[in-house]
Amino acid sequence: MDKVCNVPVAVPSAPDLILDLLVADGGTLSAQALCRAGALMGIGESTLRVGLTRLTAEGKIARGERGSYMLDRKGAALSRTVDAWHSRQAQTVAWKGDWLAVHDAGVPRADKTAWRHHALALSLRGFAALHPGLHVRPDNLSGGLAAERKQLAALGLSSDALVFRIADLDGAAQAAARKLWNVRAMEADYRRLQAGVERSGKRLATQKLETATRESLLLGRAVIGHLIRDPLLPAELMSPKPRAALLAATRRYQDKALLLWRKWLAQP
């Protein structure tokens, strides 16, 4: 794990790189352009093309004309979640004190892949364990319980899990639920990530195009990965200002990064 401006970053796998670039571009990219991007990240052409084949078979990307590819926006829910990172704040509504809950004590653990998808769904939707087998989050997301059931199922939540609303936690349980998230640590992370993004943004113009392009992708994907895992806590539990500031800084940074990538890909 390397660091860019004090932010831990990791070189993406071929499938992750492809998805990142297609999400950022918002249109279509040729296989040739994606292979050039892979070379910049130290990923060989054969490995990159295997990634294209795999993602197409999984319904995460779609093949266009003349060897081009695009994100399949009707495909995998995870791809759509990443694609919507910049609009996550708009997904919240006023919190009335109720909780959404997932009970998964009866979910089998034998299928490791299925269990990993199940756990990822809970993480991406901001659930935390109140008791063994019982995960909760504030009921402050648009669409309420019905929409949350669909989102969790699409992300891979086990069909053996129960998803429901809790409206009457007693005082002790209510207090415990409110403390499930380390708000101070989260706010510190937001500030650290924002500072890193802003430092990198200032130095991109002074770096060689290849260096700046690579850095912008590594840092951008690290910060976006953090944002899509944000639990979107209501203001009663955490001030929205640090998250909003990081989101705004990341949007500005990604605008610069996209220009760099397009300039680099346009080179002979």
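To keep things clear, this report deals only with the structure shown in the data block. (Residues numbered from 1 in each chain as written. Predicted model: local features only at pLDDT ≥ 70, side-chain atom pairs only at ≥ 80, totals over all residues. Heavy atoms only, no water.)

**Describing the overall build of the chain**
- Helix and strand counts for the chain stand at 10 helices and 9 strands.
- In terms of overall dimensions, the chain is globule-like: its C-alpha atoms have a radius of gyration of 20 Å, near the 18 Å expected for 268 residues.
- Judged by the C-alpha coordinates and their principal axes, the chain covers about 65 × 40 × 30 Å.
- Within the chain, buried positions represent 46% of all 268 residues.
- For the chain, the proportion of contacts with a sequence separation of at least 24, taken over those separated by at least 6, is 76%.
- Accessible surface, the chain: about 13,600 Å² in total, of which carbon and sulfur atoms supply 54%. (Helix = DSSP H or I, 4+ residues; strand = E, 2+ residues; numbered from the N terminus. Rg over C-alpha atoms; globule rule 2.2 N^0.38 Å. Buried < 20%, exposed > 50% of the residue type's maximum accessible area, 1.4 Å probe, protein only. Contact = heavy atoms within 4.5 Å. Areas by Shrake-Rupley, 256 points an atom, 1.4 Å probe, with all protein chains shown as cover.)

**Concerning the environment of L34**
- With respect to the element layout, L34 can be found in helix 2 (residues 31–40).
- Linking L34 and R192, residues 158 residues apart in sequence, is a C-alpha distance of 31 Å.
- Look past the residues within four positions of L34 in its chain and what remains in contact with it is I18, L21, L29, L48, L52 and Y69.

**A word on the packing of helix 8 (residues 183–203) against helix 9 (residues 209–228)**
- It is at 11 Å that the axes of helix 8 and helix 9 come closest, and there the two elements cross at 160°. Relative to helix 9, helix 8 is oriented roughly antiparallel. Crossing of helix 8 over helix 9 shows left-handed handedness. Here helix 8 contributes D189, Y190, L193, G196, V197, S200 and R203 to the contact with helix 9, which in turn contributes E215, L219, V223 and H226.
- Counted by class, the contact of helix 8 with helix 9 contains 5 nonpolar, 3 polar and 3 charged residues. (Axes fitted to C-alpha atoms, helices over the stretch in contact; angles between N-to-C directions. Parallel < 35°, antiparallel > 145°, perpendicular 65-115°, else oblique. Left-handed = near helix turned anticlockwise from the far one by under 90°. Nonpolar A, V, L, I, M, F, W, Y, C, P; charged D, E, K, R; others polar.)

**Examining the sheet that holds strand 3 (residues 28–30)**
- In spatial order, the strands read 3-5-4; together these 3 strands make up an open sheet with antiparallel pairing. Looking at which strands have only one partner, the edges of the open sheet turn out to be strand 3 and strand 4 (61–63). Ignoring which end each strand starts from, the neighbouring axes of this sheet average 30° apart.
- Contacting strand 3, strand 4 and strand 5 (68–71), helix 1 (residues 14–25) runs over the sheet at an angle of about 75° to strand 5. (Pairing = 2+ DSSP bridges.)

**With respect to the side chain of R137**
- With respect to the helices, strands and loops of the structure, R137 is situated in strand 8 (residues 134–138).
- There is a polar contact of 2.8 Å between the side chain of R137 and the backbone oxygen of R125.
- Side chain to side chain, R137 and N140 meet in a polar contact 2.7 Å long.
- With residues up to four places along the chain from it excluded, the contact list for R137 reads W99, L100, R125, G126, F127, W181, P231 and L232. (Polar contact = N/O pair within 3.5 Å; in protein donor to acceptor, adjacent residues only side chain to side chain.)

**Overview of empty space enclosed by the protein**
- Within the structure shown, the criterion is met by 2 cavities of 30 Å³ or more.
- Considering the residues around the largest cavity, the lining is formed by L21, A24, D25, L29, L258, W261, R262 and L265.
- Listing elements by their share of the lining of the largest cavity, those giving two or more residues are helix 1 and helix 10 (241–265).
- Per element, the largest residue contribution to the lining of the largest cavity is 4 residues, and it comes from helix 10. (1 Å grid on protein atoms, 1.4 Å probe; cavity = no way out; pocket = protein on both sides within 12 Å on 5 of 7 lines; lining within 4 Å. Points joined across faces, edges and corners; volume = space filled by probe spheres on them.)

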